[in-house]
Amino acid sequence: MIGRRPQHRVVDVHAHLGPYSLFYIPDPDAATMVSVMDRTGTEVTVVAANRAIQQDAHLGNTQALAAVDAHPGRIAAYAVINPWQDPERELERLAADERFVGIKVHPSLHKYPVTGARYAAVWAFAEETGCPVLSHSEHGSAYDAPVLFEAVAAKYPRAPIILGHAGITPAGVDEAIEAAARHESLWLEVCGSQMTGPLIQAMIDRVGSRRVLFGSDFPFIDQRMSLGRVVCAPLTAGQRQDVLSGNARRLFRWRQLPGGTGEDVDE
């Protein structure tokens, strides 16, 4: 909170930037997001621009980088890869620009399955470089159900893939947990309107606390609400800190995050 040291260090690995065409989001700009982060004690939030996901990957990724430049050390950027919009071009851009810390894909919105050939360059890049890929995952989806990522993980076992929302529904969380239990390259991320503390505990009970990441879906979902689910979940202090920031500091290749050496130094 403002004026005193927060109890927990927080890195939010799942957030969005800018207006969204499917529903209204009040104040989706980076400056407002940082003001909320100041209140929650969130050190850095990794954003994917909605413009990049929905209309124009190249332009939206440029907007995300502008937010990074405006708020250094607080906002980090995903490079959104749209399988229909020259994915190799944006991967080359990602490789050349150290302001990008990861890749974001949204197979459900793009109507293209994670197992399709147009995503092969993404998985190969992640396999070669260790660059994390955050993907939307949704139970029952023909494009990104958690079970579909098992085929990707089997072919690209060194590509770190974050299952955004961990399948969304309770049944999806169960499916995501089993997929992650079978493949060490799959990570679970906790944002979603149906997420609960007991579901987060179930993730940790099955796969351990070192492959579960805090994300909020901010500003789609209020960051304070998403954070409260983890803070109030029945976890040990060490497990909670792994989820809130320790794992993100180990997984992502931070360039501009103060103290981002690959380990959480809070413990």
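Rules behind the numbers
Throughout, residues of each chain are indexed from 1 in the direction in which the sequence is written. Residue-level local features of this predicted model are given only where pLDDT is at least 70; pairs of side-chain atoms are given and counted only at 80 or more, and the full residue set underlies all totals for whole chains, interfaces and linings. Here the side-chain values reflect all heavy atoms present in the structure, with hydrogen atoms and water set aside. To qualify as a helix, a DSSP run of H or I must reach at least 4 residues; to qualify as a strand, a run of E must reach at least 2; elements of each kind are numbered from the N terminus. Expected helix span is computed as 1.5 Å times (number of residues minus one). What we call the bend at a residue is the angle made by axes fitted to the seven residues finishing there and the seven residues starting there. Each residue is assigned to one of three classes by its accessible area relative to the maximum for its type, calculated with a 1.4 Å probe on protein chains only: buried under 20%, partly exposed between the two thresholds, exposed over 50%. Following DSSP output, two strands are said to pair if at least two bridges run between them. Seen with its strands pointing away from the viewer, a crossover is right-handed when the path leading from the first strand over the helix to the second is clockwise. Aromatic contacts are taken between Phe, Tyr and Trp rings whose centres are within 6.5 Å, Trp giving its six-membered ring; a plane angle under 30 degrees counts as stacked, one over 60 as edge-to-face, and the others as tilted. Definition of nonpolar core: a set of buried residues of the types Ala, Val, Leu, Ile, Met, Phe, Trp, Tyr and Cys, connected through side-chain atoms within 4.5 Å. Two residues form a contact once any of their heavy atoms are found within 4.5 Å. Here a polar contact is taken to be a pair of N or O atoms separated by no more than 3.5 Å, where protein atoms must pair a possible hydrogen donor with a possible acceptor and residues adjacent in sequence count only if both atoms sit in side chains. The predictor's confidence in any single residue is recorded as pLDDT, a number from 0 to 100.

(A) Layout of helix H11 (residues 237-251). Taking 1.5 Å of rise per residue, 15 residues should cover 21 Å, and H11 covers 20 Å from first to last C-alpha, within 8% of that figure. Along its length, H11 reaches its greatest deviation from straightness, about 55°, at valine 243. With 11 of 15 residues buried, H11 lies mostly within the body of the structure. Every buried residue of H11 is listed here: Arg240, Gln241, Asp242, Val243, Leu244, Ser245, Gly246, Asn247, Ala248, Arg249 and Leu251.

(B) Expanded view of the pairing of strand S6 (residues 161-164). Alternating positions in S6 separate into two faces, Ile161 and Leu163 on one and Ile162 and Gly164 on the other, with burial throughout. Across 4 bridges, strand S5 (residues 133-136) lies against S6 in parallel orientation. Note on S6: the bridge partner recorded for valine 133 is isoleucine 161. Tracing the backbone out of S5, into helix H7 (residues 149-155) and back to the parallel element S6 gives a crossover that is right-handed. Of the strand pairs in this sheet, S6 and strand S7 (residues 186-189) are connected by 3 bridges, and their pairing is parallel. Across the sheet, isoleucine 161 pairs through a bridge with leucine 186, a residue of S7. After leaving S6, the chain enters helix H8 (residues 170-182) and then returns to the sheet as S7, a path that is right-handed.

(C) Fine view of the packing of aromatic side chains. Under the definition given, this model contains 5 aromatic pairs. Between tyrosine 119 and tryptophan 123, the ring centres sit 6.1 Å apart and the planes meet at 45°, which makes this aromatic pair tilted. Per residue, the accessibility class of tyrosine 119 equals that of tryptophan 123, and both read buried. In textbook terms, an aromatic cluster arises when at least three aromatic residues are bridged by ring pairs, as seen for Trp84, Tyr112, Tyr119 and Trp123.

(D) Focus on the nonpolar core. Membership of the largest hydrophobic core comes to 82 residues, with the highest contact counts inside it found for Ile103, Trp123, Leu188, Met203, Phe252 and Trp254. With 6 residues, the single largest contributor to this core is strand S3 (residues 75-80).

(E) Structural context of the environment of serine 108. Note on placement: serine 108 falls in helix H5 (residues 107-110). With relative accessibility at 12%, the residue serine 108 sits in the buried group. In the structure, serine 108 is positioned 45 residues away from glutamine 63 in sequence and 22 Å away in space, judged by C-alpha atoms. The residues contacting serine 108, other than those within four sequence positions of it, are His136, Glu138, Ser141, Tyr143 and Asp144. Side chain to side chain, serine 108 and serine 141 meet in a polar contact 3.3 Å long.

(F) Representation of the sheet that holds S5. Taken in spatial order, the 8 strands make up an open sheet running S1-S2-S3-S4-S5-S6-S7-S8, and their pairing is parallel. Each edge of the open sheet is held by one strand with a lone partner, namely strand S1 (10-17) and strand S8 (212-213). Here 2 bridges tie S7 to S8, and the two strands are oriented parallel to one another. When the bridges of S8 are listed, leucine 188 appears paired with valine 212.

(G) Region of the structure containing unusual backbone geometry. Between phenylalanine 218 and proline 219 the backbone carries a cis peptide bond, its omega angle lying at 0°. With respect to the element layout, proline 219 can be found in the loop between S8 and helix H10 (223-231). Within the chain, histidine 165 stands out as a residue other than glycine whose phi angle is a positive 70°. Overall, the relative accessible area of 7% leaves histidine 165 in the buried class. Positive phi is not limited to glycine here, since isoleucine 168 has a value of about 75°. Here isoleucine 168 shows up in the loop between S6 and H8. Of the residues examined, isoleucine 168 reaches a relative accessible area of 21% and is grouped as partly exposed.

(H) Structural view of the confidence of the model for the chain. Across the chain, the average pLDDT comes to 91, with 93% of residues at 70 or higher. Here residues 258-267 scores under 50 on pLDDT; set against residues more than four positions off or in separate chains, the count is 20 contacts.

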